[in-house]
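The residues making up each chain are set out below.
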Amino acid sequence: MTEHTGAKYGGAPGSRGRTSIADVVVEKIAGMAARDVRGVHALGSGFARSMGSMRERMPGAGSGKSVTRGVSVEVGEVQAAIDLELVVDYGVSITDVAGAVRENVISAVERMAGREVVEVNIMVGDVKLPDEEDEEGEEQERQRLQ
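Thresholds applied
Residues numbered from 1 in each chain as written. Predicted model: local features only at pLDDT ≥ 70, side-chain atom pairs only at ≥ 80, totals over all residues. Heavy atoms only, no water. UniProt positions renumbered as here; feature names shortened; annotations may be inferred. Helix = DSSP H or I, 4+ residues; strand = E, 2+ residues; numbered from the N terminus. Buried < 20%, exposed > 50% of the residue type's maximum accessible area, 1.4 Å probe, protein only. Contact = heavy atoms within 4.5 Å. Areas by Shrake-Rupley, 256 points an atom, 1.4 Å probe, with all protein chains shown as cover. pLDDT = per-residue confidence, 0-100. Axes fitted to C-alpha atoms, helices over the stretch in contact; angles between N-to-C directions. Parallel < 35°, antiparallel > 145°, perpendicular 65-115°, else oblique. Left-handed = near helix turned anticlockwise from the far one by under 90°. Nonpolar A, V, L, I, M, F, W, Y, C, P; charged D, E, K, R; others polar. Expected span 1.5 Å × (residues − 1). Arc of directions from axis to C-beta. Pairing = 2+ DSSP bridges. Core = buried A, V, L, I, M, F, W, Y, C linked by side-chain atoms within 4.5 Å.

An unreviewed UniProt entry lists the protein under the name Asp23/Gls24 family envelope stress response protein, with Streptomyces narbonensis as the source organism. Quoted straight from UniProt, the Sequence similarities (unreviewed entry) entry for the protein says "Belongs to the asp23 family."

In structure tokens, the structure reads:
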């Protein structure tokens, strides 16, 4: 029996060929990782969230929140740059939340997508006050009452 190490045939089987990762994959990974951080209320601006919630109620538009709302990326062969727009909960340290989001997003993207994250730019566009209703929550309540 002859043992094949892969060297004779052009390297290890796992290194033969190229893997491409679509931008939307990295957007979803980054969006989920950012949402997992305590103090992040939502991603996207108030306008983007309200437009998204309207789109989600349209027939055939899919269900659930858009994971990529508030996330934009540039993905290359080996690196990625990520921009996030956050809504944070009132009372949290915005700098602490931003740091935790960066750490979580970088860790998730580098582990799952194998891309070096060169930067994670964060723009805090709003703060969720304790007495404010969520736009999506208000709409669900209105529908329930009808």
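More follows now that the structure is in view.
Chemist: Can you help me understand the overall build of the protein in this one?
Modeler: Summing up its helical and strand segments, the protein has four helices and four strands in all. Start at the N end of the protein and walk to the C end: the helices and strands fall as α-β-α-β-β-α-β-α. Here the protein holds 146 residues, and 27% of them are scored as buried. Long-range pairs, those at least 24 residues apart, make up 73% of the contacts in the protein between residues at least 6 apart in sequence. Surface summary for the protein: the accessible area is close to 9,600 Å², and the carbon and sulfur share equals 51%.

Chemist: Explanation requested: the confidence of the model for the protein in the structure shown.
Modeler: Any segment with low pLDDT has predicted coordinates that should not be analysed in fine detail. The share of residues in the protein with pLDDT of 70 or more is 72%, and the mean pLDDT across the chain is 81. For the protein, per-element mean pLDDT is lowest for helix 2 (residues 46–56), which scores 48, and highest for helix 3 (residues 94–113), which scores 98. Across residues 139–144, where pLDDT falls below 50, the model places two contacts with residues more than four positions away in sequence or in other chains.

Chemist: I'm lost on the environment of A33 in this one. Help?
Modeler: Checked against the element boundaries, A33 lands in helix 1 (residues 23–35). A C-alpha to C-alpha distance of 9.9 Å links A33 and A100, two positions 67 residues apart in sequence. When neighbours within four sequence positions are excluded, A33 is seen to be in contact with N104, V105 and A108.

Chemist: Quick question: what am I supposed to make of the packing of helix 1 against helix 3 here?
Modeler: To characterise two packed helices, one gives the angle between the axes of the helices and the distance between these axes. Contact geometry for helix 1 and helix 3: axes closest at 8 Å, N-to-C directions at 140°. As summarised for this structure, helix 1 and helix 3 are arranged oblique, according to the angle between their axes. Of the two elements, helix 1 crosses helix 3, and the hand of that crossing is right-handed. Listed contacts from helix 3 to V26, I29, A30, A33 and A34 of helix 1 are V101, N104, V105, A108, V109, M112 and A113. The class makeup of the residues in the contact of helix 1 with helix 3 is 11 nonpolar, one polar and no charged.

Chemist: Can you help me understand helix 3 in this one?
Modeler: Given a rise of 1.5 Å per residue, 20 residues ought to cover 28 Å, and the 27 Å separating the end C-alpha atoms of helix 3 matches this to within 8%. Three or more residues of helix 3 are buried, namely V97, A98, V101, V105, A108, V109 and A113. Each buried residue of helix 3 lies within a common arc of 110° when the element is viewed along its axis, so the set occupies one face. Exposed residues pointing more than 90 degrees away from the buried face of helix 3 are listed as T95, D96, E103 and R111.

Chemist: Quick question: what am I supposed to make of the pairing of strand 3 (residues 79–89) here?
Modeler: Within a regular strand, side chains alternate between the sheet's two faces. The sheet contact formed by strand 1 (residues 40–43) and strand 3 spans three bridges and is antiparallel. Counted as the bridge partner of L43 is L86 from strand 3. With five bridges joining them, strand 2 (residues 71–75) and strand 3 adopt antiparallel strand pairing. Within strand 3, the residue paired with E74 across the bridge is A81. Linking strand 2 back to strand 3 in an antiparallel pair, the connection comprises three residues.

Chemist: Could you clarify how one ought to interpret the nonpolar core in this entry?
Modeler: For soluble globular proteins, nonpolar side chains are generally found buried alongside one another. Formed by 22 residues in total, the largest nonpolar core has its most connected members in I82, L84, V101, V105 and V109. Counting only elements with at least two residues in this core, the list comes to helix 1, strand 1, strand 2, strand 3, helix 3 and strand 4 (116–128). Take this core: its biggest share by element is six residues, from helix 3. Leaving out residues up to four positions away in the same chain, L84 has contacts with A34, L43, G70, V71, V101, V105, V120, N121, I122 and M123.

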